[in-house]
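Structural overview for review
Given next are the chains, with one letter for each unit.
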Amino acid sequence: MARIKTALISVSDKTGIIDLAKGLADLDIKIISTGGTAKSIKENGIDVTEVSEYTGFPEIMNGRVKTLHPKIHGGLLAVRDNEDHMKQIGDLGIDTIDLVVVNLYPFEKTISKENVSQEEAVEDIDIGGPSMIRSAAKNFKHVAVVVNPDRYEALLKELNEGDCDLSYETRYHLVTEAFKHTSQYDRVIFNYFNRGSEEAYPETLSLDLNKKQDLRYGENPHQTAAFYVHKNFEVPCISNAEQLHGKALSFNNILDTDVAIEIVKEFEKPSAVLIKHANPCGVASAEDITEAFTKAYSSDPVSAFGCILSLNRTVDEKSAEAITEPGHFVEAIAAPGFDDAAIEILTTKRGWGKDLRLLKLNSLGASSIKKEINDFRGVVGGLLVQDKDMRSGDRDQLKVVTQKTPSEDEIEELLFAWKVCKHVKSNAIVFSKGEMVVGVGAGQMSRVDSTNIAIQKAGDRASGSVMASDAFFPFRDSVDLAAKAGITAIIQPGGSKKDDEVIKAADEHGIAMVLTGERHFKH
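The structure contained in this document is the topic of the report that follows. (Residues numbered from 1 in each chain as written. Predicted model: local features only at pLDDT ≥ 70, side-chain atom pairs only at ≥ 80, totals over all residues. Heavy atoms only, no water.)

Here we look at the overall build of the chain
A tally of helices and strands in the chain yields 19 helices and 21 strands. Over its C-alpha atoms the chain spans a radius of gyration of 31 Å, topping by over 25% the 24 Å that the globule rule assigns to 523 residues. Overall, the chain is about 100 × 55 × 40 Å in size when its C-alpha atoms are taken along their principal axes. Taking all 523 residues of the chain together, 50% fall into the buried category. Within the chain, contacts between residues separated by at least 24 positions form 59% of all contacts whose residues are at least 6 apart in sequence. Summed over its atoms, the accessible surface of the chain is roughly 25600 Å², and 49% of this surface lies on carbon and sulfur atoms. Here the chain contributes 61 positive and 80 negative side-chain charges, whose respective centroids are spaced 2 Å apart. (Helix = DSSP H or I, 4+ residues; strand = E, 2+ residues; numbered from the N terminus. Rg over C-alpha atoms; globule rule 2.2 N^0.38 Å. Buried < 20%, exposed > 50% of the residue type's maximum accessible area, 1.4 Å probe, protein only. Contact = heavy atoms within 4.5 Å. Areas by Shrake-Rupley, 256 points an atom, 1.4 Å probe, with all protein chains shown as cover. Lys, Arg positive; Asp, Glu negative; His and termini not counted. Charge placed at Lys NZ, Arg CZ, Asp CG, Glu CD.)

This is how it looks when you write it as structure tokens:
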């Protein structure tokens, strides 16, 4: 390694750059800089040589060409222990550049603006910056490259302690971060133009994910795991939830909380959702959030023990008291907010409160649902991509196919059950009554088995409830079972070869049935 004598600084994000420049100047490191960066450094009384002065060539084309010059890239790429390289730059009057501090034009910020034109976006595609980063990074054993303002303080510390030199480990860390920076930058540009194609699913798919946290383990303790998220994803979701309290989320916690959040978004009224093993074991709406929680927890108290809870209203003192009643145990709560009094109760009233994860999201109502986002499912060696199932059904979609027409109250209840059923693993059957789920049959290989489980879970509460099925009934057996349990109305997609037989069964039992024409499988 060699002592750093010359630094080139060219940054779009000028956070911390003056302090860095002062620190470098104090170490007698020569500073070369460009345009606005050079101006800022000079205005702070720090000696700086402008790139155009150094190269002897002016910036041209509104700054499109300023650092693309042999005196810049020769000084970066020359291998210091290669005699031929050093002779060539010596003959050409090129000085070595030992440190490059660069970050790039804010292309991602530009394209996030409303109604931004393609011309405006194109002008914020950085050319010189990535070129300098790559040149410095290729020669990282001799040239240090810094792309992250968060590194400035540690950089100066090591330069001061190491007689203006940096260790191989530091250079290696910096070069890795540099290539990450340019690859992400190129990926954003690629995705911008790729979205402009007419293909819904282009030939190449490029994802930009950032690690949010390492996880203690995966689905099981012998599996390692980490959580990666989309940068700047604005839709309220598990990926951008702010954890206010509790131990770190586990792999399974994250999966279950995702389901809880997505279900509670379906409802405008105060609502509560309880999840165990990616399926709802309690869902209810009410006039206030405390009542909604109480109803939801009573749906299946045995299964609710150790659940993930999501609420679409701020957790206040009253609801916190209800959540922490004797016999209750909750692993995590996701909500739009928590009162100070609620946090105190939740975290101290029960022994499990010290570990209780409290997750805050910006909003958790139907208005927070955003359409036109993708759903990704990983398989060994590949990735399945589909548009996310955002439809929840409405009155206009319903087609009454039985002699009995459902009442207005039954229609409201059917739509409530339908929204929940969409999020239950197939084959899915949901019973609800009074805007409260009373029975769930999930993930069975036959629909009649799911129906039997829902009946068992509901018990006496099945009488007078409504039934939702995520897909059509292949036979009338589930309808016959529902009739014995006291179901009054059924919602299902229809589309079976035996629809007539199924509808006839409903008529025989005096059950109202509506078809949605749209199924909601969830594998």
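Next, the rest of the story.
Looking at a nonpolar patch on the surface
On the surface, L205, L207, L209, Y228 and L383 cluster together to form a nonpolar patch covering roughly 430 Å² of accessible area. Locating L205 in the fold gives a position in the loop between α10 (168–195) and β6 (209–215). (Patch = residues over 30% accessible without salt bridge, like charges linked within 9 Å, V, L, I, M, F, W, Y side chains within 5 Å. Salt bridge = Lys/Arg side-chain N within 4 Å of Asp/Glu carboxyl O.)

Quick look at the environment of G45
Relative to the helices and strands, G45 resides in the loop between α2 (35–43) and β3 (49–50). A C-alpha to C-alpha distance of 33 Å links G45 and K138, two positions 93 residues apart in sequence.

A short note on the sheet that holds strand β13 (residues 357–360)
Backbone hydrogen bonds are what pair the strands of a sheet, in a parallel or an antiparallel way. The strand order across the open sheet formed by six strands is β8-β13-β12-β11-β9-β10, and the pairing between neighbours is mixed. Whereas interior strands pair on both sides, the edge strands pair on one side only; in this sheet they are β8 (242–245) and β10 (279–285). The sheet shows a mean angle of 20° between the axes of neighbouring strands, direction not considered. As paired strands, strand β12 (residues 330–335) and β13 are joined by four bridges and run parallel to one another. The residue of β13 that forms the bridge with I333 is L358. Relative to strand β9 (residues 271–276), helix α11 (residues 251–264) is tilted by about 150°, and along the sheet it contacts β9, β10, β11 (307–311), β12 and β13. (Pairing = 2+ DSSP bridges. Axes fitted to C-alpha atoms, helices over the stretch in contact; angles between N-to-C directions.)

Focus on unusual backbone geometry
For the peptide bond that leads from S426 to N427, omega is -5°, which places it in the cis range. Here N427 is to be found in the loop between α16 (408–421) and β17 (429–432). One non-glycine residue, D163, adopts positive backbone phi at about 55°. With respect to the element layout, D163 can be found in the loop between α9 (152–161) and α10. Look at D163 and you get exposed, because its relative accessible area is 57%.

So, the pattern of salt bridges
Applying the stated criterion across every chain yields a total of 22 salt bridges. The partner of K211 in a salt bridge is D214, with the nearest N and O atoms 3.1 Å apart. Overall, D214 belongs to the exposed group, its relative accessible area being 54%. Notably, a salt bridge pairs K269 with E435, separated by 2.7 Å at the nearest N-O pair. Of the two residues, K269 sits in the loop between α11 and β9 while E435 sits in the loop between β17 and β18 (437–441), which places them 166 residues apart along the sequence.

Some words on the sheet that holds strand β1 (residues 6–11)
Across the sheet, which stays open at both edges, the five strands sit in the order β3-β2-β1-β4-β5 with parallel pairing between neighbours. With partners counted over all chains shown, the strands left at the sheet margins are β3 and β5 (144–146), one partner each. Sheet strands touched by helix α1 (residues 17–26): β1, β2 (30–33) and β4 (99–103). Its angle to β1, the strand with the most contacts, is close to 170°. Along the sheet face, α2 touches β1, β2 and β3 and points at about 140° away from the line of β2.

A look at helix α19 (residues 499–509)
Along an α-helix, residues three or four positions apart point the same way, because every turn accommodates 3.6 residues. Residues of α19 that are buried include every one of D499, V502, I503, A505 and A506, and no others. Buried residues of α19, viewed axially, fall in a sector of 155°; they line one side. With respect to the buried face of α19, the exposed residues turned more than 90 degrees away are D500 and K504. In this structure, the buried residues of α19 make contact with α18 (477–485), β20 (489–492) and β21 (512–515). G510, located one to two residues past α19, shows a positive phi value of around 70°. (Arc of directions from axis to C-beta.)

Some thoughts on the nonpolar core
Residues L309, L311, V315, I323, I333, L346 and F431 are the most contacted members of the largest nonpolar core, which totals 50 residues. With residues near it in sequence (within four places) discarded, I333 still touches L309, L311, V315, I323, F338, L346, L356, R357, L358 and L359. Counting 45 residues, the second largest nonpolar core, distinct from the first, contains I238, V264, V273 and A512. (Core = buried A, V, L, I, M, F, W, Y, C linked by side-chain atoms within 4.5 Å.)

Considering the side chain of R447
Inspection of the secondary structure puts R447 in helix α17 (residues 447–458). Among the residues examined, R447 registers a relative accessible area of 6% and is labelled buried. Of note is the side chain of R447, whose polar atom sits 3.3 Å from the backbone oxygen of A428. Discounting chain neighbours no more than four positions away, the residues touching R447 are N427, A428, I429, S469, D470, A471, F472, F473, P474, S478 and F521. (Polar contact = N/O pair within 3.5 Å; in protein donor to acceptor, adjacent residues only side chain to side chain.)

Description of the packing of aromatic side chains
The tally for this structure, following the rule as stated, stands at eight aromatic pairs. A ring pair is formed by Y192 and F193, whose centres lie 5.0 Å apart and whose planes are at 80°; its orientation type is edge-to-face. With relative accessibility at 39%, the residue F193 sits in the partly exposed group. Connected via pairs of aromatic rings, a cluster forms that spans F140, Y168 and Y172. Its end group placed over the ring of Y54, K71 keeps NZ or CZ at 4.6 Å from the ring centre. (Phe/Tyr/Trp six-rings, centres within 6.5 Å; stacked < 30°, edge-to-face > 60°. Lys NZ or Arg CZ within 6 Å of the ring centre and 35° of its normal.)

A closer look at the packing of α18 against α19
With their axes 9 Å apart at the nearest point, α18 and α19 run at an angle of 15° to one another. Classified by the interaxial angle, the pair formed by α18 and α19 is roughly parallel. For the pair α18 and α19, the sense of crossing is right-handed. Of the residues in α19, those touching α18 at V479, D480 and A483 are V502, A505, A506 and H509. The residue inventory of the contact of α18 with α19, partitioned by class, reads five nonpolar, one polar and one charged. (Parallel < 35°, antiparallel > 145°, perpendicular 65-115°, else oblique. Left-handed = near helix turned anticlockwise from the far one by under 90°. Nonpolar A, V, L, I, M, F, W, Y, C, P; charged D, E, K, R; others polar.)

Distances and angles like these do not, on their own, reveal function.
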